[in-house]
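These are the residues of each chain, in order.
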Amino acid sequence: EDAEMKQLHSLPDETRDGEPFELLANCFGPEDIDTAMQSGAKGVGLLRSGYMMLPGRILDEQEQYFFYCSCLAAANGCPVTVRTFDFGSDRTVADANQGPQSSKLGLRGIRNSLRQPQQFQTQICALLRAAARGPLRVMFPMVTEVEDWDAAMSIVEHCRQSLRERGVPFNENTQFGVMLSIPAACLTVEDFIAHGCDFLVIGTNDLTQYTHAADRELASAEHYYRPASPAMKKLITMVMDAASAHHVPVTICGLAVGNPANTAQYLHLGLRSFSVSPQNLLKVKQALLDTDAHPDAGEKD
Ligand code: PEP
């Protein structure tokens, strides 16, 4: 079994018909990034930043900066995509303190960050500084329409200005992206691209939940929770069409991606970048190695 794993690990990340893909990991911090890298991940597609929080206290800028730098170090020079705080989904002790602010249809993610600009600025400054130390990119969760993006990016601009004034080194060209977890955001994806969004990440856990109005944690709604449904396919296709027209990279993440049947379907919808939990990496790699990216290619003529 171990030898089999080693062999799988050494094979190139290419589909059966030779199409390269990128395997990334969903992580919480340096420890599981380390595990993921050992299992062959080529970086972190989703870092749930809320995990570093201690109960009842938001870390200051310096503490956050050290945390992000330690994540970059664990990733050995590979890219790390940090999701700004998403209390309610980050699954942290801090979640419990957020009360109605972490409600599923309430002020989660960027909605919460925009209402707490001080806390958001602290996080953005720490991220911009860490991005000078390695390939770190930043994405906003629970973005609904382009107004959220504009509001978030104007705070980013404010942070850049204040770091310049403080004379603190940071990365002027840090990439910013949108996590697509709300159907409204998928339906208006062109707007984010037009407003300078550098990359997109489809979060299947939340996108399935909000598309199907099926609570991802409610066993009784399980029947309605379908991450590869025709509705999901349509939304993902819209995203892929817009993204490929404008050369914007897209990653897909979430539990559903760890299920080989879904992975193949996402591959066929045009996805080439997959982010899964460290324990699912090799399973997903095997599934992609066994699948053709273009299954009908040989039958056309
Ligand atoms: C998602 O929404 O698909 C996702 C991976 O994020 P999380 O499970 O942390 O909400």
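Here is what the cut-offs are and how they apply
- Residues numbered from 1 in each chain as written.
- Predicted model: local features only at pLDDT ≥ 70, side-chain atom pairs only at ≥ 80, totals over all residues.
- UniProt positions renumbered as here; feature names shortened; annotations may be inferred.
- Helix = DSSP H or I, 4+ residues; strand = E, 2+ residues; numbered from the N terminus.
- Expected span 1.5 Å × (residues − 1).
- Buried ≥ 20, exposed ≤ 12 C-beta atoms within 10 Å, placed from the backbone.
- Arc of directions from axis to C-beta.
- Contact = placed C-beta atoms within 7 Å.
- pLDDT = per-residue confidence, 0-100.
- Pairing = 2+ DSSP bridges.
- Axes fitted to C-alpha atoms, helices over the stretch in contact; angles between N-to-C directions.
- Parallel < 35°, antiparallel > 145°, perpendicular 65-115°, else oblique.
- Left-handed = near helix turned anticlockwise from the far one by under 90°.
- Nonpolar A, V, L, I, M, F, W, Y, C, P; charged D, E, K, R; others polar.

With an unreviewed UniProt entry as reference, the protein is termed Phosphoenolpyruvate-protein phosphotransferase, source organism Faecalibacterium intestinale. In its Subcellular location (unreviewed entry) section, UniProt records this for the protein: "Cytoplasm". Annotation of the protein in UniProt includes, under Sequence similarities (unreviewed entry), the sentence "Belongs to the PEP-utilizing enzyme family."

K.L.:
Quick question: what am I supposed to make of helix α11 (residues 230–245) here?
P.N.:
Each α-helix turn comprises 3.6 residues. Residues three or four places apart therefore point the same way. If you check α11, its first and last C-alpha atoms are 22 Å apart, about what 16 residues at 1.5 Å a residue would give, namely 22 Å. Among the residues of α11, M232, L235, I236, V239, A242 and A243 are the ones counted as buried. Along the long axis of α11, the arc covered by the buried residues comes to 130°, so they all point the same way. Relative to its buried face, α11 has exposed residues pointing more than 90 degrees away, namely P230, S244 and A245. Contacts from the buried residues of α11 go to β5 (176–180), α8 (183–187), α9 (189–194), β6 (199–203), α10 (204–212) and β7 (250–253).

K.L.:
Please explain the confidence of the model for the protein as it appears in this structure.
P.N.:
When pLDDT is averaged across the protein, the result is 93; 92% of the residues are at 70 or more. As scored by the predictor, the complex reaches a pTM of 0.95 and an ipTM of 0.96.

K.L.:
Any chance you could explain the sheet that holds strand β1 (residues 22–27) here in plain terms?
P.N.:
In a beta sheet, neighbouring strands are held together by backbone hydrogen bonds and run either parallel or antiparallel to one another. Strand order in this closed barrel of eight strands is β1-β2-β3-β4-β5-β6-β7-β8, and the pairing throughout is parallel. For this sheet, the mean inter-axis angle between neighbouring strands, taken without regard to orientation, is 25°. Where β1 lies against strand β2 (residues 44–48), three bridges are found, and the strand directions are parallel. Bridge pairing links A25 to V44 in β2.

K.L.:
Just checking my understanding: could you explain the packing of helix α2 (residues 30–38) against helix α3 (residues 61–74) for this structure?
P.N.:
Each pair of packed helices can be described by the angle between their axes along with the distance between the axes. Running from amino to carboxyl end, α2 crosses α3 at an angle of 15°, the nearest separation of the two axes being 8 Å. In terms of their interaxial angle, α2 and α3 are classed as roughly parallel. Between α2 and α3 lies a crossing whose hand is right-handed. Residues P30, I33, D34 and M37 of α2 form the contact with α3, whose participating residues are S70, C71 and A74. Residue composition of the contact of α2 with α3, grouped by class: five nonpolar, one polar and one charged.

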